[in-house]
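What the coordinates show
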Amino acid sequence: NMDRKFFVGGNWKMNGDKATIDGICAFLSKGPINSDTDVVVAPPYCYLQYSKDKLPATVKVAAQNCYKEKEGAFTGEISPSMIKDVGGTWVITGHSERRHTMGETDEFVAEKTKFALDNGLGVIPCVGEKLEEREADQTMAVISRQMKALADKIKDWTHVVIAYEPVWAIGTGKTASPEQAQDIHEKIRDWLKKTVSADVAKKTRIIYGGSVKGSNAAELAKKPDIDGFLVGGASLKPEFIEIINARG
Ligand code: G3P
């Protein structure tokens, strides 16, 4: 849908060092990057400032996570104000690796999302079902539960971009088909319409994540409710440019 600006995020996860980041910044600087697309990359915390300094100004920087307090005795955590202080303007919350490997709950993800929004960051909360949940026909039950926790806390959706990442498609090479992804994106939009408002449903970008590649991005991007991507592995490679420009 052309009313919503295309949004492509690169989630580097726990990958990269200064040398590989130099390479990524070089292909992003070379582009070309369609100016109708918001582009954000999420380096590991310790490379936020380094990446910010090397990236072209059009590419925004996100953290991969944050905490729900401004400062204090929270060893190992970082706050939204720290992210902003080193040039970050976005944060990813509730990535499935945080939910399922680190045990973050719906409630905790929602609290962090709210805190980051209240402190002036754009937020990319992630939702999505596991394979066994899909096979048990629980996909929308799981996503509604994750969305409900978020919607209970979010007052202003202007700076929220929802990422739908089916857990079975992450890093597996198994992409959701354009039809499967569109089906869930449409249902999430519908959920927003019923639960939040028609306006929020219409304006909020819902991006897809899970084995997006240069070779499958254009087909996915044609679907009316797919407003962009959150890319893992392929965001480390020059094909990320192809994904950024997938809408043509
Ligand atoms: O956040 C992006 C992600 O989880 C997808 O990873 O490697 O399957 O593109 P990947």
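See the structure above.
In this report, the structure presented in the accompanying data block is examined. Predicted model, so just to flag it, every value in this text is computed and none were measured.

1. Considering empty space enclosed by the protein
Summed over the entire model, instances satisfying the criterion amount to 1 cavity of 30 Å³ or more. One number sums up the size of the largest cavity: a volume of about 40 Å³. For the largest cavity, the full set of lining residues is Gly94, Ser96, Arg99, Cys126, Val127, Gly128, Glu165 and Val167. For the lining of the largest cavity, the elements supplying multiple residues, two or more each, are helix 4 (96–101) and strand 5 (122–127).

2. Section: unusual backbone geometry
Gly31 connects to Pro32 through a cis peptide bond whose omega is 0°. Structurally, the position occupied by Pro32 is in the loop between helix 1 (18–30) and strand 2 (37–42). One non-glycine residue, Lys13, adopts positive backbone phi at about 55°. Looking at the secondary structure, you find Lys13 in the loop between strand 1 (6–11) and helix 1. Judged by relative accessible area, which is 19%, Lys13 ranks as buried. Positive phi values are uncommon outside glycine, yet Asp137 reaches one of about 60°. Turning to its location among the elements, Asp137 is positioned in the loop between helix 6 (131–135) and helix 7 (139–151).

3. As for the site of the ligand
Neighbouring residues of the ligand: 13 residues in total, closest His95, Glu165, Gly171, Ser211 and Gly233. At a separation of 3.0 Å, an oxygen atom of the ligand approaches a polar side-chain atom of Asn11. Side-chain polar atom of Glu165 to an oxygen atom of the ligand: 2.6 Å apart, as the coordinates give it. Calculation on the ligand without its partners gives an accessible area of 310 Å², and the protein chains cover 95% of this total. When atoms are counted within 2 Å of each cavity's grid points, the one that captures over half of the ligand is the second largest pocket.

4. What to know about the packing of aromatic side chains
Aromatic ring pairs: the centre-centre distance and the angle between the two ring planes describe each pair. Summed over the entire model, instances satisfying the criterion amount to 5 aromatic pairs. Pairing Phe6 with Phe229 gives two aromatic rings, centres 5.8 Å apart and planes at 90°, and the pair type is edge-to-face. With a gap of 223 residues between them, Phe6 in strand 1 and Phe229 in strand 8 (residues 228–231) connect regions that are remote in the sequence. With a relative accessible area of 1%, Phe6 lands in the buried category. Exposure remark for Phe229: the relative accessible area of 0% places this residue in the buried category. Clustering of aromatic rings is evident, with ring pairs tying together Tyr67, Phe74 and Phe108.

5. With respect to the pairing of strand 2
Burial analysis of strand 2 places 5 of its 6 residues in the buried class, which makes it a mostly covered element. Sheet topology note: the strand 1/strand 2 ladder contains 6 bridges and is parallel. Residue pairing across strands places Asn11 opposite Ala42, the latter belonging to strand 2. A crossover links strand 1 with its parallel partner strand 2, the connecting element being helix 1, and its sense is right-handed. Of the strand pairs in this sheet, strand 2 and strand 3 (residues 59–63) are connected by 3 bridges, and their pairing is parallel. Bridged to Val41 within strand 3 is Val61.

About the cut-offs
Residues numbered from 1 in each chain as written. Predicted model: local features only at pLDDT ≥ 70, side-chain atom pairs only at ≥ 80, totals over all residues. Heavy atoms only, no water. 1 Å grid on protein atoms, 1.4 Å probe; cavity = no way out; pocket = protein on both sides within 12 Å on 5 of 7 lines; lining within 4 Å. Points joined across faces, edges and corners; volume = space filled by probe spheres on them. Helix = DSSP H or I, 4+ residues; strand = E, 2+ residues; numbered from the N terminus. Buried < 20%, exposed > 50% of the residue type's maximum accessible area, 1.4 Å probe, protein only. Near = heavy atom within 4 Å. Polar contact = N/O pair within 3.5 Å; in protein donor to acceptor, adjacent residues only side chain to side chain. Areas by Shrake-Rupley, 256 points an atom, 1.4 Å probe, with all protein chains shown as cover. Sits in = over half its atoms within 2 Å of the grid points. Phe/Tyr/Trp six-rings, centres within 6.5 Å; stacked < 30°, edge-to-face > 60°. Pairing = 2+ DSSP bridges. Right-handed = clockwise from strand over helix to strand, strands pointing away.

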